[in-house]
Amino acid sequence: MKYQTKKTIMTGVPSQSRREPAAPARPQAAEHKVVRLLAVESESQEADLLISELRRHGYEAEQVRTGAEALQQYRKVDLLLVDLDLPDLDGVELCRSIRAVCDVAIIVVTARDTELDRVLSLRAGADDYVVKPYSLTELTARIEAVMRRVRLQPFVPEDVIAVGSLRIDQRAREIRLDGRHIEATRKEFDLLYLLASRPGSVFSRRQIMTQVWRDPRGKPGRTIDTHVSSLRSKLGCSEWITTVRGVGFRFGTS
């Protein structure tokens, strides 16, 4: 990670100089819970240095190098630091996919410094935008500011979604309708759970491919339609999943 001091620009996370006061130790929530961070950064050396410094400042920090890995880990943390240049998925699309189903805090950390990239990232759901090179002091201050705005609470995934007579248990991976167990494949369950997590919200085919199939570049083809058709048949009513022509699908109530 590149960063900037008052006089020079260097590569790597800065160690504190004698001229710069040490950054405040540990940003914590009001409940004194340490903030859990996930850095989504493809450059391994930059990521290693960043994680080391964040941990030294009291954060619980981990790293992943791809968007697909981030989609598997984001529910376990309080805030993501997302680089826009990832090998498998553009960071803006990653922000949009995560924001569609989760309110976890997101800060974009990138070398891109155009107004368009800023606007697209913020509209996709990012809470802040930091341009490389930057100082660790600035980054930690922005993390604290974002966490204050979102009023940090430990994120607890919604294990059970109950809508009318339909009950979806994420932990047991079980679907029940009127108390009756509904058999579903792994992808069918993941698709239904994704749609039901935001009732009324429309999920695009690209978002579904990214979230359910972990394949942001894959072409949906008839794959999604086949799974939707199967779910409708098993649930006994097409109104549980509504097709939004030209856009995607949304969860409804039967």
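Residues numbered from 1 in each chain as written. Predicted model: local features only at pLDDT ≥ 70, side-chain atom pairs only at ≥ 80, totals over all residues. Heavy atoms only, no water.

**Section: the nonpolar core**
Counted only if it meets this: Side-chain atoms within 4.5 Å are what join buried Ala, Val, Leu, Ile, Met, Phe, Trp, Tyr and Cys residues into a set we call a nonpolar core. Each residue is placed in one exposure class: buried if its accessible area under a 1.4 Å probe, protein chains only, is under 20% of its type's maximum, exposed if it is over 50%, and partly exposed if it falls in between. Note on contacts: a residue pair is in contact if any heavy atoms of the two residues lie within 4.5 Å.
Counting residues in hydrophobic clusters, the biggest one holds 53 residues, and the most contacted among them are Val40, Leu80, Leu94, Ile98 and Ile208. Once residues within four sequence positions are removed from consideration, leucine 80 is found in contact with Leu38, Val40, Tyr74, Ile98, Val104, Ala105, Ile106 and Ile107.

**Re the sheet that holds strand β14 (residues 248–251)**
Either a parallel or an antiparallel arrangement is found when strands of a sheet pair, and the pairing is made through backbone hydrogen bonds. What counts, and what does not: If DSSP finds at least two bridges between two strands, the strands pair. Helical segments are the DSSP runs of H or I of at least four residues, strand segments are the runs of E of at least two, and each set is numbered from the N terminus. Note on method: axes are straight lines fitted to C-alpha atoms, helices fitted across the in-contact stretch only, with angles between N-to-C directions ranging 0 to 180 degrees.
If you walk across this open sheet you meet the three strands as β12-β14-β13, and the pairing is antiparallel. Among the strands making up the open sheet, the edge pair consists of β12 (202–204) and β13 (241–244). Strand-to-strand twist of the sheet, defined as the mean angle between neighbouring strand axes without regard to direction, takes the value 30°. Alignment of β12 against β14, held across three bridges, turns out to be antiparallel. Bridging across to β14, phenylalanine 203 finds its partner in phenylalanine 249. Packed onto the sheet, helix α6 (residues 186–196) meets β12, β13 and β14 and runs at close to 70° relative to β14. Helix α8 (residues 223–235) rests against β13 and β14 of the sheet, and its axis sits at about 145° to β13.

**Side note on the sheet that holds strand β4 (residues 60–64)**
Taken in spatial order, the five strands make up an open sheet running β4-β3-β5-β6-β7, and their pairing is parallel. Looking at strand neighbours, the two that pair on one side only are β4 and β7 (128–131), the edges of this open sheet. Adjacent strand axes in the sheet meet at a mean angle of 20° when their direction is disregarded. Note that strand β3 (residues 36–40) and β4 share five bridges and pair parallel. Residue pairing across strands places arginine 36 opposite glutamate 60, the latter belonging to β4. Its contacts with the sheet place helix α1 (residues 44–56) against β3, β4 and β5 (79–82), and it is angled at close to 170° to β4.

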